Amino acid sequence: MRSAIVLGGKTGLLGQALCAAMDRRGWTVHAPGREDLDLFDRPAIEEYLDRTKASVLFNTVAYTKVDQAEDEPAEASRLNRQLPLVLGKAVQGKDVALVHYSTDFVFNGRKTTPYTPEDQPDPRSVYGQTKLQGERELLALGLPSLLIIRTSWLFGPCKTNFVTRILELAATRPELSVVHDQIGSPSYTPDLAANSLALVEKGATGIFHLANAGQASWCELAAEAVRGADLPCRIKPIPSSEYPQKACRPAYSVLDLARFTAVTGIAPRPWVQALREFLFSREDCTS
Ligand SMILES: NC(=O)c1ccc[n+]([C@@H]2O[C@H](COP(=O)([O-])OP(=O)(O)OC[C@H]3O[C@@H](n4cnc5c(N)ncnc54)[C@H](OP(=O)(O)O)[C@@H]3O)[C@@H](O)[C@H]2O)c1
């Protein structure tokens, strides 16, 4: 039976979904919270790895406040660059695979066809830059069992996210304005979690892109959620210029999932289908 550690597993959007997916697969899961383990204390992490006899360490901890990162680059760098390096060094020389999550925001968004793992990153925000630095720090260590999973536009149970926020607002307002000129790959966290475990079970290493199939604008994702929840709210498309945000976001960041499918034999289901499932099981934090 596999034993894994999920950093961020107690409170993170993806971390909680990973723990639930592992439970379902019969893995033993350890999810230390902030109070249980200082993630920057390398000897403490090594001791935790030895004590739990974990064979996989998942890192879902990150500085994820994309706009705030522009004002807090040092803290963003500490969590997105320095922490992966600490974790990478902690597993060095041990028989422990490290699974680290990264983002579509490492790309500049100028492509018009899905981004492959080989495409050249060119982040335009502090968040994207620090996440790319984290990837590079890890790759430079030359770990034999390193898996970097770039994902995007997460929605799912147990924590506020774009879809839950839209549903909350749509329940009380007749109209919502949502940007239509940023296109990406929505990812349902239970699917992302299960597909991540499939990659680990195949012994995959290197960089993978993982999301649900299909693409959407934020406006299309919002409209589909509101329609699926049967809420009488109109979703009005607006350009990004009418919704200024501090951090620059890629206009297009659809992820190419071919490498994932080639290794696992799994074709992720379309995001619309996953969204429907989420809307029906929303109250269930373990789904
Ligand atoms: N969300 C998205 O749409 C998205 C898109 C692309 C990529 N990603 C990537 O996917 C991964 C998971 O994202 P997510 O949305 O699930 O993240 P999240 O919900 O923001 O969770 C982040 C986790 O990190 C923990 N954390 C933050 N600062 C910490 C610190 N100083 N010490 C210890 N723990 C700390 C948080 O714990 P507390 O609850 O205690 O703060 C939380 O458990 C990240 O690598 C992210 O960059 C996310």
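As shown above, the structure is provided for reference.
Since this is a predicted model, take the numbers as computed values, not measurements. (Residues numbered from 1 in each chain as written. Predicted model: local features only at pLDDT ≥ 70, side-chain atom pairs only at ≥ 80, totals over all residues. Heavy atoms only, no water.)

Here we take up helix α9 (residues 271–280). Residues of α9 that are buried include every one of W271, A274, L275, F278 and L279, and no others. Relative to the axis of α9, the buried residues are bounded by an arc of 140 degrees and lie together on one face. On the buried face of α9, the contacting elements are β6 (154–155), α5 (162–170), β9 (187–188), α6 (189–201), β11 (216–217) and α7 (218–228). (Buried < 20%, exposed > 50% of the residue type's maximum accessible area, 1.4 Å probe, protein only. Helix = DSSP H or I, 4+ residues; strand = E, 2+ residues; numbered from the N terminus. Arc of directions from axis to C-beta. Contact = heavy atoms within 4.5 Å.)

Attention now goes to the site of the ligand. The environment of the ligand is made up of 23 residues, and the closest members are T11, R34, T64, Y127 and K131. T64 has a polar side-chain atom sitting 2.7 Å from an oxygen atom of the ligand. Within the side chain of K131, a nitrogen or oxygen atom sits 2.8 Å from an oxygen atom of the ligand. Computed on the free molecule, the ligand has an accessible area of 910 Å², of which 81% lies beneath the protein chains in the complex. In terms of residue count, strand β4 (residues 97–103) provides more of the shell around the ligand than any other element does, three residues in total. When grouped by side-chain class, the residues that make up the shell around the ligand number ten nonpolar, nine polar and four charged. (Near = heavy atom within 4 Å. Polar contact = N/O pair within 3.5 Å; in protein donor to acceptor, adjacent residues only side chain to side chain. Areas by Shrake-Rupley, 256 points an atom, 1.4 Å probe, with all protein chains shown as cover. Nonpolar A, V, L, I, M, F, W, Y, C, P; charged D, E, K, R; others polar.)

Below, the discussion takes up the side chain of N59. Tracing the backbone through its elements, the reader meets N59 in strand β3 (residues 56–59). Of note is the side chain of N59, whose polar atom sits 3.0 Å from the backbone nitrogen of V61. A distance of 3.1 Å separates a polar atom in the side chain of N59 from a polar atom in the side chain of H100.

What follows deals with the nonpolar core. Burial of nonpolar side chains together is a common tendency in soluble globular proteins. L49, L57 and L98 are the most contacted members of the largest nonpolar core, which totals 31 residues. When residues of this core are traced back to their parent elements, those giving at least two are β1 (3–7), α2 (42–52), α3 (73–91), α4 (126–140) and β5 (146–151). Among the elements that make up this core, the one with the highest residue count is α3 (seven residues). Not counting residues up to four positions away in its chain, the partners in contact with L98 are L57, L87, G88, V91, L138, L143, S145, L146 and L147. Judged by nonpolar contacts, the second largest core, of 26 residues, contains F155, V163, A225 and L275. (Core = buried A, V, L, I, M, F, W, Y, C linked by side-chain atoms within 4.5 Å.)

So, on to the sheet that holds strand β10 (residues 206–209). The strand order β2-β1-β3-β4-β5-β10 describes an open sheet built from six strands, whose pairing is parallel. The sheet is open, and its two borders are formed by β2 (28–30) and β10, each paired with just one other strand. The mean angle between the axes of side-by-side strands here comes to 20 degrees, regardless of whether they run parallel or antiparallel. The sheet contact formed by β4 and β5 spans six bridges and is parallel. Bridging from a neighbouring strand, S102 pairs with R150 of β5. On top of the sheet, α4 reaches β4, β5 and β10; it is set at about 155 degrees to β4, its chief contact. (Pairing = 2+ DSSP bridges. Axes fitted to C-alpha atoms, helices over the stretch in contact; angles between N-to-C directions.)

Below, the discussion takes up the packing of aromatic side chains. Tallying each qualifying case throughout the model produces nine aromatic pairs. A ring pair is formed by F162 and W218, whose centres lie 4.6 Å apart and whose planes are at 55 degrees; its orientation type is tilted. With F162 in helix α5 and W218 in helix α7, this pair connects stretches of sequence that are 56 residues apart. Accessibility expressed as a relative area gives 24% for F162, which makes it partly exposed. Under the relative-accessibility criterion, W218 is labelled buried at 15%. Ring centres of Y188 and F278 lie 5.9 Å apart, and the angle between their planes is 55 degrees; on these two criteria the pair is classed as tilted. (Phe/Tyr/Trp six-rings, centres within 6.5 Å; stacked < 30°, edge-to-face > 60°.)

For the structure shown, the criterion picks out 20 salt bridges. In the salt-bridge network here, residues are joined through shared partners; they are K10, E35 and D36. (Salt bridge = Lys/Arg side-chain N within 4 Å of Asp/Glu carboxyl O.)

A few words now on unusual backbone geometry. Positive phi, normally seen in glycine, also occurs at K53, with a value near 55 degrees. The backbone of D230 sits at a positive phi, close to 60 degrees, despite the residue not being glycine. Topologically, D230 is positioned in the loop between α7 and β12 (234–238).

Across the interface, helix α1 (residues 13–25) lies against α6 with an axial gap of 8 Å and an inter-helix angle of 60 degrees. Taken as axis vectors, α1 and α6 run oblique relative to one another. Once α1 is placed against α6, the crossing between them reads as right-handed. Touching L13, L14, A17, L18, A21, M22 and R25 of α1 are T189, P190, L192, A193, A194, S196, L197, A198 and E201, all from α6. (Parallel < 35°, antiparallel > 145°, perpendicular 65-115°, else oblique. Left-handed = near helix turned anticlockwise from the far one by under 90°.)

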